[in-house]
Amino acid sequence: MDLHSGFPFWLVKNGLLADYPALQSDLQNEEVVIIGSGISGSLAAYELCKAGFRCTMLDKRILSSGSTWASTAQLNYELDISLCDLADLYSEDFAVAVYKASLASVDKIQRIAADTAMDECLERIPSLYLSSDEKGAQAIEQEYALRRKHGFPVELLGKEQLQAFRITNRTNALYHHHAIQLDAYRMTVGLIQHCVKSGNLTVYTRTNVTKLESSDEGVTLQTDKGYTVKARFVICAPGYESAQFLPKQVMALNSTYALVTQPLPEDAFWKERCLIWETKRPYFYLRTTKDNRIMMGGGDVSFKDETARDRLIDEKEVWLLKECKTLFPHLEISADFVWCGTFGDVEDGLPFIGLYPGMDNVYFALGYGGNGTTYSLIAAEVISNLLKGEPDQRAQLFGFDRKK
Ligand SMILES: Cc1cc2nc3c(=O)[nH]c(=O)nc-3n(C[C@H](O)[C@H](O)[C@H](O)COP(=O)(O)OP(=O)(O)OC[C@H]3O[C@@H](n4cnc5c(N)ncnc54)[C@H](O)[C@@H]3O)c2cc1C
């Protein structure tokens with residue numbers, strides 16, 4: 001599958017940041033093999049190498065060029081599924097535990113960037129979650145009440161306070177300081193380079209894993225070039241291409257669209273340049289870049305195939321610019337780079353992390369839904385703890401067998 005088309009901004013901005021060779025022999029005695037060099041695989045490598053595991057990473061593409069290239073990389077403790085909806089779907093305790101895990105992961109990503117000297121990839125930033133209509137305004141009030149009840153950091157802003165953000169056509173919004181905007185490609189490659197330098201990670205790209213067989217003694221992989229790789233443990237982080245490794249489909253695929261504008265004058269922006277998103281679904285969202293562009297995305301539709309997805313690029317470009325102008329009529333904007341991608345979504349908006357029942361020694365790190373990056377970090381920590389033999393409560397929240 002082509003995971004994206006068009007010109008993802010991070011590739012244009014950074015160019016290719018690193019490369020590693022293809023696998024050219026069998027590997028008989030690996031401790032941990034990580035399938036996938038995106039943000040999920042790289043965070044798993046970071047946690048596992050730090051814990052002293054010897055890791056080998058395999059990717060069928062060039063380094064980190066899957067969905068991570070295409071991400072607009074807004075990280076937020078608030079999830080695509082609200083605390084209220086999650087509590088209705090499971091229970092209030094369950095929903096609160098999930099939100100607490102998400103809140104902690106935002107701070108943790110910032111610490112990892114500092115530990116690996118990649119602070120420049122990341123910016124801590126406030127977040128504004130706008131009501132799109134009256135129904136959304138009511139939902140925001142309920143959400144505020146439940147979050148406050150459980151001590152989550154959040155403020156409720158009304159029409160008047162929104163004017164300070166140059167927003168005049170929305171009733172209310174949730175506001176907080178626990179969000180991040182990231183250069184996900186740079187951070188991913190930086191983490192991989194950090195682990196390689198530590199001596200605990202070896203990386204092979206252009207190496208397609210075509211078969212996986214697990215037993216209680218370990219895991220055997222076959223590659224497209226006919227090599228065999230034997231490992232004690234496998235971390236499966238293939239992003240939205242997980243279907244080949246799982247006995248049954250666990251997600252639905254969507255197409256999503258994004259663009260960046262031309263650089264804008266300093267006085268064109270809204271207060272604090274916070275991340276902005278909204279209650280309606282499919283939603284529209286925006287952030288800014290260090291070189292004064294607005295990066296925006298959304299307009300998701302269900303995925304049929306790459307051709308159908310790509311055919312909508314021009315139409316979605318017009319739609320995204322129009323949504324932005326509706327919010328900020330003063331802006332004079334056009335698109336410099338436009339792209340689209342395919343992403344996986346699950347009904348409850350939560351990731352799948354850990355062992356799949358009946359598949360020994362294969363740990364999945366599948367950060368599906370709009371909060372993929374924070375989920376990738378949670379997956380990395382949970383899996384590292386499980387391999388160290390330490391219990392982790394989050395494994396129950398995000399396991400394949402979580403119960404409604
Ligand atoms: C337009 C767009 C905007 C987005 N915006 C956001 C956002 O604002 N915030 C957010 O949190 N998330 C966002 N996402 C989602 C985010 O991009 C993903 O959650 C994240 O990049 C997934 O990372 P990953 O490492 O799991 O997958 P990937 O980056 O796709 O990495 C998986 C890797 O596995 C490799 N692989 C797959 N199969 C095999 C195999 N058989 N053998 C070997 N290698 C294999 C692939 O080549 C790939 O490199 C967005 C996505 C898109 C498309």
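Quantities reported herein were computed from a predicted structural model and do not represent experimental measurements.

## Brief notes about the overall build of the chain
Then, number 1: Scanning the chain for helices and strands turns up 12 helices and 18 strands.
Then, number 2: For 404 residues, the compact-globule formula gives about 22 Å, and the C-alpha radius of gyration of the chain, at 21 Å, lands near that figure.
Then, number 3: Here the chain, with 404 residues, has 60% of them falling under the buried criterion.
Then, number 4: Summarising the internal contacts of the chain: among those between residues at least 6 apart in sequence, 75% fall at separations of at least 24.
Then, number 5: Working note: accessible area of the chain is about 16,300 Å², and carbon and sulfur atoms make up 48% of it.
Then, number 6: Mean positive and mean negative side-chain charge positions of the chain (42 and 53 charges, respectively) differ by 1 Å.

## Notes on the state of the cysteines
Then, number 1: If you walk through the whole model with that rule in mind, you get zero disulfides.
Then, number 2: Here C274 stays free of any disulfide, with the sulfur of C324 as its closest cysteine sulfur at 12 Å.

## Points about the nonpolar core
Then, number 1: Core analysis: the biggest nonpolar cluster contains 85 residues, and V32, M187, L201, I235, L350 and L387 have the highest contact counts within it.
Then, number 2: It is helix α5 (residues 92-115) that contributes the most residues to this core, 11 residues altogether.
Then, number 3: Other than its neighbours up to four places away in sequence, V32 contacts L48, F53, R54, C55, T56, F233, I235 and L387.

## Concerning the site of the ligand
Then, number 1: Neighbouring the ligand are 38 residues, the closest being S40, D59, R61, T68 and Q74.
Then, number 2: At 3.0 Å, a backbone N or O of V209 approaches a nitrogen atom of the ligand.
Then, number 3: Side-chain polar atom of Y240 to an oxygen atom of the ligand: 3.2 Å apart, as the coordinates give it.
Then, number 4: In isolation the ligand has 1,000 Å² of accessible area, and contact with the protein removes 97% of it.
Then, number 5: Within the residue set of the shell around the ligand, elements represented by two or more residues are α2 (39-50), α3 (67-70), β16 (335-345) and α11 (372-387).
Then, number 6: Broken down by element, the residue count for the shell around the ligand peaks at three residues, all from α3.
Then, number 7: Split into classes, the residues belonging to the shell around the ligand amount to 13 nonpolar, 21 polar and four charged.
Then, number 8: Lining the shell around the ligand are residues from two domains, each supplying at least three of them: domain 1 (26-71 + 185-251 + 350-398) and domain 3 (253-270 + 282-345).

## Considerations on empty space enclosed by the protein
Then, number 1: Evaluation of the coordinates by the stated rule reveals two cavities of 30 Å³ or more.
Then, number 2: Approximately 30 Å³ is the volume attributed to the second largest cavity.
Then, number 3: For the second largest cavity, the full set of lining residues is L130, R170, I276, W277, E278, F284, L286 and L327.
Then, number 4: Those elements giving two or more residues to the lining of the second largest cavity turn out to be β13 (275-278) and β14 (284-288).
Then, number 5: A class-by-class count of the residues in the lining of the second largest cavity yields six nonpolar, no polar and two charged.

## So, the layout of surface pockets
Then, number 1: By volume, the largest pocket amounts to about 650 Å³.
Then, number 2: Lining the largest pocket are 30 residues; nearest its centre among them are D80, D85, Y129, T279 and R281.
Then, number 3: Those elements giving two or more residues to the lining of the largest pocket turn out to be α4 (83-89), α6 (134-149), β15 (294-302) and β16.
Then, number 4: Here the element with the most residues in the lining of the largest pocket is α6; it accounts for six residues.
Then, number 5: Of the residues that constitute the lining of the largest pocket, the class distribution is 10 nonpolar, nine polar and 11 charged.
Then, number 6: Here the lining of the largest pocket spans two domains, since at least three of its residues come from each of domain 2 (75-181) and domain 3 (253-270 + 282-345).

## Some points on the domain arrangement of the chain
Then, number 1: Domain assignment breaks the chain into domain 1 (26-71 + 185-251 + 350-398), domain 2 (75-181) and domain 3 (253-270 + 282-345).
Then, number 2: Taking the mean C-alpha position of each, domain 1 and domain 3 sit 30 Å from one another.
Then, number 3: Each partner contributes residues to the interface: domain 1 has seven residues there, and domain 3 has seven residues.
Then, number 4: The junction of domain 1 with domain 3 conceals about 610 Å² of combined surface from both sides, 60% of it contributed by carbon and sulfur atoms.
Then, number 5: Counting the surface domain 1 buries against domain 3, the share from its top three residues, A70, Y240 and M251, is 64%.
Then, number 6: At the boundary of domain 1 and domain 3, one finds zero salt bridges.
Then, number 7: Taken together, domain 1 and domain 3 are joined by one residue pair in polar contact (both at pLDDT 80 or more).
Then, number 8: Counted by class, the side of domain 1 that touches domain 3 contains four nonpolar, three polar and no charged residues.

The rules we used
Residues numbered from 1 in each chain as written. Predicted model: local features only at pLDDT ≥ 70, side-chain atom pairs only at ≥ 80, totals over all residues. Heavy atoms only, no water. Helix = DSSP H or I, 4+ residues; strand = E, 2+ residues; numbered from the N terminus. Rg over C-alpha atoms; globule rule 2.2 N^0.38 Å. Buried < 20%, exposed > 50% of the residue type's maximum accessible area, 1.4 Å probe, protein only. Contact = heavy atoms within 4.5 Å. Areas by Shrake-Rupley, 256 points an atom, 1.4 Å probe, with all protein chains shown as cover. Lys, Arg positive; Asp, Glu negative; His and termini not counted. Charge placed at Lys NZ, Arg CZ, Asp CG, Glu CD. Disulfide = S-S within 2.5 Å. Core = buried A, V, L, I, M, F, W, Y, C linked by side-chain atoms within 4.5 Å. Near = heavy atom within 4 Å. Polar contact = N/O pair within 3.5 Å; in protein donor to acceptor, adjacent residues only side chain to side chain. Nonpolar A, V, L, I, M, F, W, Y, C, P; charged D, E, K, R; others polar. Domains from an automatic or database assignment. 1 Å grid on protein atoms, 1.4 Å probe; cavity = no way out; pocket = protein on both sides within 12 Å on 5 of 7 lines; lining within 4 Å. Points joined across faces, edges and corners; volume = space filled by probe spheres on them. Buried area = accessible area lost by both parts, 1.4 Å probe. Salt bridge = Lys/Arg side-chain N within 4 Å of Asp/Glu carboxyl O.

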